[in-house]
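Listed below, chain by chain, are the residues.
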Amino acid sequence: MKLTLKETAKAVNALNDVSKYENIEITGAEFDSRKVKKGDLFIPLKGARDGHEFLEKARENGAVLSLWSKDVPTPDDFPVLIVEDVLSAFQVLAQYYLQKKKPTVIAITGSNGKTTTKDMTAFVLATTFKTYKTQGNYNNEIGMPYTILSMPEDTEKLVLEMGMDHAGDLHLLSTLATPDIAAITLIGESHLEFFGTREAIAKGKMEIADGLKENGLLIVPSDEPLLKSFLENISQEIATFGWDNSADEYVTVLAEKREETIFQFSFSEKIMEIAVPGKYNARNALVASMIARRLGVSMEDIAQALAAVELTRNRTEWVESSVGAKMLSDVYNANPTAMGLVLDSFSQMETTGKRRVVLGDMLELGEASKVLHESMSEHLDSYNIEKVYLFGKEMKVLFDKIVENFPKGAVVHFDKEDKQALIELLKNDLQKEDLLLLKASNGMGLFEVVEALK
Ligand SMILES: N#Cc1c(NC(=O)c2cc(S(=O)(=O)N3CCOCC3)c(Cl)cc2Cl)sc2c1CCN(Cc1ccc(-c3nn[nH]n3)cc1)C2
């Protein structure tokens, strides 16, 4: 990204007079001060802690400018853009950058499973265009602006995954990104606890069209009756996809093998293959191919790309333990905010068994590490969580802080070299109906614990 201080100030409607600052150029935007690079704009978001506390760390790492809330005392020796609300300013800046660079924007929601439709679409488009896509689970009101402001200067096609937790989420993301193509891959059942009914989920998903350009295209499943009534209010072009000729385009699965799926699209004689199993991936490939064809990618390029699609890193998804317990290893964001958020949602998850959490060290938190590990105590309540297994030397302070608030033996701590002992205890404790959350920085190697329990 390349933006001048002046145009950034204008875009975010800065409240302060920036004429006294040199009109420097910012080349990136970061809210995690550990990731700040030289030339970045720091975005002090409110997470587990208020990002404003971490300006010094951002400055050490090379930040040249910071957004700054009008409600926080202004630093007198660092250039800031004072704004009403930092998150809204972050989002408005992303919208400005998108309108300035004008890539084709493809918005996809409902993606799930190992190789998402977003990954496939980006992979196929990359055969022909300079393409950028959502990384990891950066698909919400914070992650999407981050994705937009991270796209390379010469991006031609931007593939944005739009996540939905609550009604209104996709309205915000769609009106921010104003997509040229929007795709709903499925309605699914996720978040039923928030939405109540599948109709409400369908209504929420349809919000992805709220910002769709007038000459845009909406791609939806043909076999989802719940969408029918909402589609009547759509003025833009609609294309449906499915398993048979009741859809505008459909896929016929010819063979499902352990490592690949063989199929044929309604719009081509070619026998296609994709290096991942599961007929739903043939459906995801159909959506990706409809998007790619619309944008001018040849069938040869589409076929070649699909045959080479790589399995992306497992998304945060449930795996079953050998005794039948459900395990969620949240592998993405190892920062205090994400750990707090996932503990809060895990604590509300329905279960007939017990909720158990394995929390490993969050690395590279410097001098703030102690207070940030201790702050996880706000997200651990013995009423909701049966047992807490803490793992790593940083987590010792959390152990000391919460051990008295839980029944005897309900909080245990292991040093990193005692991973085998942790595994043995979990094998001993886990029951069929239990839910187990595992979260730590990658470096703690919790995936070995998951593998051992599978
Ligand atoms: N709270 C908090 C912190 C972070 N939070 C986040 O990155 C964050 C992460 C998330 S998220 O949930 O991971 N996420 C983001 C993208 O989309 C999907 C969801 C969200 Cl939604 C919001 C925030 Cl604000 S990153 C981070 C923190 C606190 C510590 N920081 C590094 C740091 C370490 C030491 C010092 C220090 N200063 N002086 N001594 N030590 C300063 C900063 C790094």
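Note: the structure precedes this text.
Since this is a predicted model, take the numbers as computed values, not measurements.

### Examining helix α11 (residues 299–308)
In an α-helix, one turn spans 3.6 residues, which is why side chains three or four residues apart end up on the same side.
Here is step 1 of the chain: Looking at α11, one finds that the buried residues are Met299, Ile302, Ala303, Ala305 and Leu306.
Here is step 2 of the chain: Check the buried side of α11 and you find it contacts α4 (117–125), β14 (261–265), β15 (272–274) and α10 (279–294).

### As for the site of the ligand
Here is step 1 of the chain: As a matter of local geometry, the ligand sits amid 25 residues, with Arg49, Phe54, Asn335, Thr337 and Leu365 nearest to it.
Here is step 2 of the chain: At 3.5 Å, a side-chain N or O of Ser33 approaches a nitrogen atom of the ligand.
Here is step 3 of the chain: In this structure, Ala48 approaches the ligand through a main-chain N or O atom, which is 3.2 Å from a nitrogen atom.
Here is step 4 of the chain: Compared with its free state, where it exposes 850 Å², the ligand has 90% of that area covered by protein.
Here is step 5 of the chain: Among the elements that take part in the shell around the ligand, helix α12 (residues 336–346) stands out by supplying four residues, more than any other.

### Some details on the nonpolar core
Here is step 1 of the chain: Ranked by internal contacts, the top residues of the largest apolar core, which has 68 residues, are Leu67 and Leu218.
Here is step 2 of the chain: Looking at this core, the element that brings in the most residues is helix α3 (residues 86–101), giving seven residues.
Here is step 3 of the chain: In terms of domain composition, this core takes at least three residues from each of domain 1 (3–85) and domain 2 (102–308).
Here is step 4 of the chain: Those residues in contact with Leu67 that lie beyond four places of it in its chain are Val12, Leu41, Phe42, Ile43, Pro44, Leu81, Val86, Ala89 and Phe90.
Here is step 5 of the chain: Core analysis: the second largest hydrophobic core is formed by 37 residues, Val251, Met272, Val287 and Ala292 among them.

The rules behind each value
- Counting of residues starts from 1 at the beginning of each chain's written sequence and follows it residue by residue.
- Residues qualify for local features only when their pLDDT is at least 70, as the model is predicted, and side-chain atom pairs are given and counted only at 80 or more; totals for whole chains, interfaces and linings, by contrast, use all residues.
- Excluded from the side-chain calculations are hydrogens and water; all other atoms, namely the structure's heavy atoms, are used.
- Only protein chains enter the calculation, and the probe is 1.4 Å; a residue is then buried if its accessible area is under 20% of its type maximum, exposed if over 50%, and partly exposed in between.
- Segments assigned H or I by DSSP are reported as helices when at least four residues long, segments assigned E as strands when at least two residues long, and all are numbered from the N terminus.
- Two residues form a contact once any of their heavy atoms are found within 4.5 Å.
- Definition of nearness: a residue and a molecule or strand are near each other if at least one heavy atom of the residue lies within 4 Å of the molecule or strand.
- Polar contact criterion, stated in full: a pair of N or O atoms within 3.5 Å, where within protein one must be able to donate a hydrogen and the other to accept it, and residues adjacent in sequence count only if both atoms are side-chain atoms.
- Areas reported as accessible are Shrake-Rupley estimates using a 1.4 Å probe. Residue values count occlusion only from the protein chains shown.
- Nonpolar cores were defined as sets of buried Ala, Val, Leu, Ile, Met, Phe, Trp, Tyr and Cys residues, with membership established by side-chain atoms within 4.5 Å.
- Note that domain bounds follow an automatic or database assignment of domains.

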